[in-house]
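# A look at the structure
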Amino acid sequence: MRQTLLASLALGLVVGAMGSAIAQTPPSRVRATIDSVSPTAITVTPRNGSPTTIALPADVHISGISIAKISDIKPGSYIGTAAAPQPDGTQKALEVHVFPPSMVGAGEGFRPWDSQPNSTMTNGTVGDLVGSKGRTLTVKYKGGEKTVIVPEDVPIVSIEPGTRDLLKPGAHVIVFAKKGDDGSLSAISVNVGENGLTPPM
């Protein structure tokens with residue numbers, strides 16, 4: 001989709017350009033709707049909270065999130081998936097995001113996540129696609145692999161590099177930000193749902 005972005009996105013987001021910064025200091029994660037945009041900041045209303053202003057540094061990383069299909073996932077695809085652990089050791093996907101080739105390695109690994117109690121996040125490379133309609137995936141990462149089952153109703157999205165043009169009032173975002181000593185937030189990465197999409201991560 002989540003303890004602190006524990007090392008990295010996803011999303012993120014969760015995302016490629018954020019790796020080293022996230023590894024050093026886990027960022028705050030803000031799921032919100034944009035209220036207003038200026039050249040140096042955005043004001044957002046979090047899903048559960050009051051309007052918040054987040055600074056936009058010149059080097060902020062922006063990604064666009066759009067709807068994808070299970071057929072977009074192939075052996076060798078680099079994906080991330082929030083999931084619920086199953087008694088047999090498999091992971092039942094809650095959402096799946098497909099990274100572009102330029103973001104291979106972003107947030108690679110397996111870790112706790114906060115989509116729901118006891119959920120996990122796995123970022124890695126798809127090996128085999130098996131089961132009905134290829135909806136069972138083997139996801140490999142440094143140090144291990146997971147078998148992920150993707151139900152028919154699970155959202156699948158694509159993450160692509162974006163620009164500030166995506167930052168518009170009404171857009172739904174997931175912002176990964178570092179917090180200053182005074183409590184102010186400065187964005188590291190902004191994942192923006194395109195065409196009204198709410199990022200599922």
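Right, let's walk through the structure included here. (Residues numbered from 1 in each chain as written. Predicted model: local features only at pLDDT ≥ 70, side-chain atom pairs only at ≥ 80, totals over all residues. Heavy atoms only, no water.)

## A short note on the overall build of the protein
Across its full length, the protein holds one helix and 13 strands. Counting from the amino terminus, the protein carries its helices and strands in the arrangement α-β-β-β-β-β-β-β-β-β-β-β-β-β. Across the 201 residues of the protein, 50% fall into the buried class. Roughly 9100 Å² of accessible area belongs to the protein as shown, and the carbon and sulfur atoms make up 51% of that amount. (Helix = DSSP H or I, 4+ residues; strand = E, 2+ residues; numbered from the N terminus. Buried < 20%, exposed > 50% of the residue type's maximum accessible area, 1.4 Å probe, protein only. Areas by Shrake-Rupley, 256 points an atom, 1.4 Å probe, with all protein chains shown as cover.)

## Let's talk about the nonpolar core
V44, I54, L167, V173, V175 and V190 are the most contacted members of the largest nonpolar core, which has 18 residues in total. Every element with two or more residues in this core is listed here: β1 (28-38), β2 (41-46), β12 (172-179) and β13 (185-193). Broken down by element, the residue count for this core peaks at four residues, all from β13. The contact partners of V44, leaving out residues within four places of it in the chain, are V30, A32, T33, I34, D35, S50, P51, T52, I54 and V173. Within the second largest apolar cluster, 14 residues are counted, among which are A68, V96, L137 and I156. (Core = buried A, V, L, I, M, F, W, Y, C linked by side-chain atoms within 4.5 Å. Contact = heavy atoms within 4.5 Å.)

## A few points about the packing of aromatic side chains
Counted by the stated rule, this structure contains two aromatic pairs. Seen from their ring centres, Y78 and F99 are 5.4 Å apart, and the 45 degrees between their planes marks the pair as tilted. Residue Y78 is found in strand β5 (residues 78-85), and its partner F99 is found in the loop between β6 (91-98) and β7 (109-112); the two are separated by 21 residues along the sequence. Residues Y78 and F99 agree in their burial class; the two are buried. (Phe/Tyr/Trp six-rings, centres within 6.5 Å; stacked < 30°, edge-to-face > 60°.)

## A look at the environment of K179
Looking at the secondary structure, you find K179 in strand β12. Overall, the relative accessible area of 58% leaves K179 in the exposed class. Here K179 is in contact with S28, S184 and L185, once residues within four sequence places are set aside.

## Describing the environment of H61
Mapped onto the elements of the fold, H61 is located in strand β4 (residues 61-67). In this structure the side chain of H61 is engaged in a polar contact, spanning 3.3 Å, whose partner is the side chain of S63. (Polar contact = N/O pair within 3.5 Å; in protein donor to acceptor, adjacent residues only side chain to side chain.)

## Some points on the pattern of salt bridges
Inspection of the entire model under this criterion finds one salt bridge. Between R135 and E152 there is a salt bridge, with the nearest N and O atoms lying 3.7 Å from each other. Taken together, the residues R135 in the loop between β8 (120-130) and β9 (136-141) and E152 in the loop between β10 (144-149) and β11 (156-161) connect sequence positions 17 residues apart. By relative accessible area, which is 11% here, R135 ends up buried. (Salt bridge = Lys/Arg side-chain N within 4 Å of Asp/Glu carboxyl O.)

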